[in-house]
Amino acid sequence: MLRAGLIRKVAAGIYTYLPLGLRVIRKVERIVREEMNRAGAQEVLMPIVSPAELWKETGRWDYYGKEMFRLKDRHERDFCLGPTHEEVITDLFRREVRSYRQLPLNFYQIQTKFRDEIRPRFGLMRGREFIMKDAYSFDKDEAGARVSYQKMYDAYHRVFSRCGLNFRAVEADTGLIGGTSSHEFMVLADTGEETIVYSDGGSYAANVERAEVLAPDFDAKEEIRPMRSVSTPGCRTVEEVTKFLKVDASQLVKTLLYTTGSETVAVLIRGDHDANEIKLKRLLGVTDLELAGPAIVEKVTGAPVGFAGPVGLNLRIVADHAVKTATNAVVGGNRLDTHLVDVNCPRDFQVGQFADLRNARAGDISPRKDGVLKTAKGIEVGHVFMLGTKYSVAMNASFLDPNGKECPAVMGCYGIGVGRTAAAAIEQNHDEKGIVWPFPIAPFHVHLISLGHSVGVTEAVSTLYAGLEASGLEVLWDDRDERAGVKFNDADLIGAPYQVIVGDKGLAEGLVEVKTRKTGVKTRLAPAGIPAAILAMASSVSAAS
Ligand code: 9G3
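Residues numbered from 1 in each chain as written. Predicted model: local features only at pLDDT ≥ 70, side-chain atom pairs only at ≥ 80, totals over all residues. Heavy atoms only, no water.

Trainee: Please set out the overall build of the chain residue by residue, giving values where relevant.
Mentor: Tallying secondary structure elements over the chain gives 15 helices and 31 strands in all. Its C-alpha atoms give the chain principal-axis dimensions of about 95 × 65 × 50 Å. Taken across its 545 residues, the chain has 49% of its residues classed as buried. Sequence separation of 24 or more characterises 69% of the internal contacts of the chain that already satisfy a separation of 6 or more. If you sum the accessible surface of the chain, you get close to 25,000 Å²; carbon and sulfur atoms cover 55% of it. (Helix = DSSP H or I, 4+ residues; strand = E, 2+ residues; numbered from the N terminus. Buried < 20%, exposed > 50% of the residue type's maximum accessible area, 1.4 Å probe, protein only. Contact = heavy atoms within 4.5 Å. Areas by Shrake-Rupley, 256 points an atom, 1.4 Å probe, with all protein chains shown as cover.)

Trainee: Go over the packing of helix α1 (residues 19-38) against helix α11 (residues 418-428) with me, naming the residues and quoting the values.
Mentor: How two helices sit against one another is set out by the angle between their axes and by the gap between those axes. Two elements in contact, α1 and α11, have axes separated by 9 Å at closest approach and are oriented at 110°. As summarised for this structure, α1 and α11 are arranged roughly perpendicular, according to the angle between their axes. Seen from above, α1 lies across α11 with right-handed handedness. Contacts between α1 and α11 involve V24, I25, V28 and E29 on the former and, on the latter, V418, G419, T421 and A422. Residue classes in the contact of α1 with α11 are distributed as five nonpolar, two polar and one charged. (Axes fitted to C-alpha atoms, helices over the stretch in contact; angles between N-to-C directions. Parallel < 35°, antiparallel > 145°, perpendicular 65-115°, else oblique. Left-handed = near helix turned anticlockwise from the far one by under 90°. Nonpolar A, V, L, I, M, F, W, Y, C, P; charged D, E, K, R; others polar.)

Trainee: Before we move on, can you summarise the sheet that holds strand β16 (residues 290-291) with the specific residues and values?
Mentor: The strand order β16-β14-β15-β17-β20 describes an open sheet built from five strands, whose pairing is mixed. In the strand order of this sheet, the two ends are held by β16 and β20 (353-355), each with one partner. Here four bridges tie strand β15 (residues 264-270) to strand β17 (residues 316-320), and the two strands are oriented parallel to one another. The residue bridging L268 from the neighbouring strand is A319, located in β17. Packed onto the sheet, helix α7 (residues 277-284) meets β14 (253-259), β15, β17 and β20 and runs at close to 135° relative to β17. (Pairing = 2+ DSSP bridges.)

Okay, structure coming up:
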């Protein structure tokens, strides 16, 4: 995006959209706007500066830290640059809506947000100032909210299909925003920050943060051996212990100590599995959770980090389901350079609660029993949330139901990262030469290259330009006094779906060259037929996708 002249950095995570970049952004916005309108949502535009008072009503003014960009006006009143607009839209609702007759409602805006991310990176992929389409629905009950949610879910499928993207809707965690359920829309790309798991049967897909893992069924074939203490000098990590004791990581049970702000909890996870802190937060009912530091580990286990174990540990112990079936396992001995082997639950240690506490991984049984799971990387470009009444209750945004009873609106919220969608399209559509724009969001459809400035070429080019534009194709004519090679490279970099190259040699035969950027295929055609030829090629591609 920098080399092709789409954006320019102004500060960390803050960018100017240059003409070419803005054309792409506007195309994504138009598709989003059309699909929001088609789904019955009404466009509004809220201010980027929002008053602290509203955020104090929901407790989020105090909950959020440095990520919220706070500022004061000349009267020293507190404001923030809106990182999202649940509070502002709910305030509008409570002022304007009185009766169930006015419901359902869905308001959306395409507007700039600011989140003072600790490490903005990868340009528009994770910026601090960014354009988001955010929508908020209000219904009289859960059933209505589910209808509003489904309308947005379907609209999001149309948006990302129309952008020419290969994406997947996956079950996702609702995170800090609260609410009952959510889906993320992931553009599949190996450079994606998110990990999704999906079943090869095709009916299950989830962000690994959310992906369910079925409890393994118990098959203790192995005879139980008596527990023994063994010396494991300097063996702290799974790798070191498995190598020293010549056992497989699945034979180990890791004891992870977490502090929740109110207690220290021991979490048992099989050695070859990864703990899922989002599942753990949900089980413990906390929002703040972190691994205990060495001092706490030493205090509660009597041993340094690396030797913690459940046997004789006087702490609340929760464990992942897979620990239940671990037989003759290896655990930390709660003493320096010591591990215990042939440890069995519940003979040698008791677990307060078994739960799904690990990350799903490739090869796991699909929770929908439709095959096994695979994993892929993705870029989150959209997120839809069933919010429920968290904000309407906090801000007393209610309506009178048919019996005149005051009821809190049941809400949903829905977001699309407009700039991130454009960046994700490039992640999914590029080659070593540059961008290969999907036709619907390409800054221009045709890159017209004139070789030299002969009268023949100049006339042919202006005729072609007019003909292409008249057929609805947007044309970028490279009329620079540059060598052919430079023009070809820049055309490949900018990535318009089709290139039309006009030179004296071809014109001598009454032909002009058309190159398809995606395939590199070149065809030589008579100029008059080129607009129709390109339209035909474009529609065959979109029909195929
Ligand atoms: C904040 C800050 C950062 C935030 C939020 C609040 C993320 C926050 C989640 C959402 C949920 C949905 C409507 C559009 C779609 C997403 N980062 N979120 O609420 F104060 Cl500093 O924004 N909102």
